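Each chain, written out:
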Amino acid sequence: MIVLITGATAGFGAEMARKFVKHGHQVIAAGRRRDRLDALAAELGSLLTPLAMDVTSRATIDSALSGLPPALQKIDVLINNAGLALGVEPAQKASLDDWETMIETNCKGLVGVTRHILPGMVERGSGVIINLGSIAGRFPYPGGNVYGATKAFVDQFTLNLRADLVGTGVRATNLAPGLCGGTEFSNVRLKGDDSAAAKIYEGTTPLSAGDIADTAYWIATLPAHINVNHLELMPTCQGFGPMTIKRTLV
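What comes next concerns the included structure. (Residues numbered from 1 in each chain as written. Predicted model: local features only at pLDDT ≥ 70, side-chain atom pairs only at ≥ 80, totals over all residues. Heavy atoms only, no water.)

**Notes on the environment of Thr221**
Stated precisely, the cut-off is as follows: Where helices and strands are cited, they refer to DSSP runs of H or I of at least four residues and of E of at least two residues respectively, numbered from the N terminus. Residue exposure (1.4 Å probe, protein chains only): buried if accessible area is under 20% of the type maximum, exposed if over 50%, otherwise partly exposed. For this analysis, a polar contact is any N or O atom pair within 3.5 Å, provided that within protein one partner can donate a hydrogen and the other can accept it, and provided that sequence-adjacent residues contribute only side-chain to side-chain pairs.
You can see Thr221 is positioned in the loop between helix H8 (209–220) and strand E7 (230–233). In this structure Thr221 comes out as partly exposed when scored by relative accessible area, which is 37%. Measuring from C-alpha to C-alpha, the distance between Thr221 and Ile130 comes to 12 Å, with 91 residues separating the pair along the chain. A distance of 2.7 Å separates the side chain of Thr221 from the backbone oxygen of Tyr217, its partner in a polar contact.

**Focus: the packing of aromatic side chains**
For any pair of aromatic rings, the description consists of the separation of the ring centres together with the inter-plane angle of the planes. Cut-off, in case you're wondering: Working definition: rings of Phe, Tyr and Trp (its six-membered ring) pair if their centres are within 6.5 Å, and the pair is stacked with planes under 30 degrees apart, edge-to-face with planes over 60 apart, and tilted otherwise. Placement of a positive charge over a ring is assigned whenever Lys NZ or Arg CZ falls within 6 Å of the ring centre and within 35 degrees of the normal to the ring plane.
If you walk through the whole model with that rule in mind, you get four aromatic pairs. Ring geometry for Phe153 against Phe157: centres 5.9 Å apart, planes inclined by 5°, an arrangement best described as stacked. With Phe153 and Phe157 both in helix H5 (residues 145–165), this residue pair falls four residues apart, about one helical turn. Stacked on the ring of Tyr217, the Lys or Arg Lys19 has its end atom at 5.7 Å from the ring centre.

**Considerations on the pairing of strand E1 (residues 2–5)**
Taken residue by residue, a regular strand's side chains alternate between the two faces of the sheet. What counts is decided by this rule: DSSP-based pairing: two strands are paired if at least 2 bridges between them are found. Here is how to tell: hold the view so the strands point away, follow the path from the first strand over the helix to the second, and if it runs clockwise the crossover is right-handed.
Of the two faces of E1, the one holding Ile2 and Leu4 and the one holding Val3 and Ile5 are both buried throughout. Across four bridges, E1 lies against strand E2 (residues 26–31) in parallel orientation. Of the residues in E2, the one forming a bridge with Val3 is Val27. You can see the chain leave E1, run along helix H1 (residues 11–22) and come back into E2, and the turn it takes is right-handed.

**Comments concerning the pattern of salt bridges**
Proximity of charged atoms lets side chains of opposite charge pair with each other. Note the cut-off: For this analysis, a salt bridge means a side-chain nitrogen from Lys or Arg found within 4 Å of a carboxyl oxygen belonging to Asp or Glu.
Evaluated as defined, the whole model comprises nine salt bridges. For the salt bridge of Arg33 with Glu184, the shortest nitrogen-to-oxygen distance reads 3.1 Å. Remark: Glu184 occurs in the loop between strand E6 (170–177) and helix H6 (185–189) and Arg33 occurs in the loop between E2 and helix H2 (34–44); sequence separation between them is 151 residues. Taking the shortest distance from any N to any O, the salt bridge between Asp38 and Arg34 comes out at 2.9 Å. You can see Asp38 and its partner Arg34 sitting in helix H2, four residues apart, about one turn around the helix. Classification of Asp38 as partly exposed rests on a relative accessible area of 36%.

**Digging into the side chain of Asn106**
The line we're drawing: Here a residue-residue contact requires only that any non-hydrogen atoms of the pair lie within 4.5 Å.
Tracing the chain through its elements places Asn106 in helix H4 (residues 96–124). The exposure class assigned to Asn106 is buried, which follows from its relative accessible area of 1%. Here Leu84 takes part through its backbone oxygen, which lies 2.9 Å from a polar atom of the side chain of Asn106. With residues up to four places along the chain from it excluded, the contact list for Asn106 reads Gly83, Leu84, Tyr147, Thr150, Lys151 and Val154.

**Topic: the nonpolar core**
The test is simple: In this text, buried Ala, Val, Leu, Ile, Met, Phe, Trp, Tyr and Cys residues form a nonpolar core when linked through side-chain atoms within 4.5 Å.
Leu48, Ile79, Ile130 and Leu175 are the most contacted members of the largest nonpolar core, which has 35 residues in total. The element that contributes the greatest number of residues to this core is H8, accounting for seven residues. Sequence-distant contacts of Ile79, defined by excluding residues within four places in its chain, comprise Val3, Leu4, Ile5, Thr6, Met16, Phe20, Ile130, Leu132 and Ala216. Counting 27 residues, the second largest nonpolar core, distinct from the first, contains Val55, Ile61, Leu72 and Val154.

**Side note on the sheet that holds E1**
Our working rule: Simply put, an axis is a line fit to the C-alpha atoms, just over the touching stretch for a helix, and the angle between two N-to-C directions goes from 0 to 180 degrees.
Pairing in this open sheet of seven strands is parallel, and the strands run E3-E2-E1-E4-E5-E6-E7 from one edge to the other. The open sheet has two edge strands with one neighbour each: strand E3 (48–52) and E7. On average, adjacent strands in this sheet sit at an angle of 15° to one another, irrespective of strand direction. Sheet topology note: the strand E4 (residues 77–80)/strand E5 (residues 127–132) ladder contains four bridges and is parallel. By the bridge assignment for E5, Asn80 is matched with Asn131. Along the sheet, H4 makes contact with E1, E4, E5 and E6, crossing E4 at roughly 170°.

Taken by themselves, the reported measurements are silent on function.
Dropping the structure here:
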């Protein structure tokens, strides 16, 4: 298989690249940080092709993907992993710049890459699209605001892809993790406050990037007649809480 993974410079993306290469598949690892992509290529060898690409730029998406060697043009698996959360402030205090960055990356970037790759999959009558969502797309929480909304978009976009792709042989899945450790996610969200990011995982055994890579590989290698519409994962230390209640005591 030829597998394109966005956001492959760290975390889920890098682990998914390792997983697919380990099993002998050709991986195109896309991301903005070329030095990290080159390091991944040095680690994994000839089965990994680094691709410098910024998913927030439509022109960059088109030029990067169109510039791939002909042997890599027929992508079998697209993993839309690029995404981020920024900030935990309530909506009335949140940064509009942060909101726009999340929308540009998590929504526009995802649809831009998908739209470029999808026609070829439909023409060939096969393909798998795995979109990285989040439990935040279903379960709101204070400070989640636009991040949660972008992940709800991922879920609905994936379901609507399924509606359009019935009978084409192309499959689409929303892979929605809960609490995950060992990645840059919380450090980025908290603007480099590593101490605060570490506290999120204190006393827990969260999901790992390896867990998500294993799950993505399982989805991608299922028999061609099976589509996983939505796959949600949580660690056993995470569950569901009560609704937020504001109490005024007299």
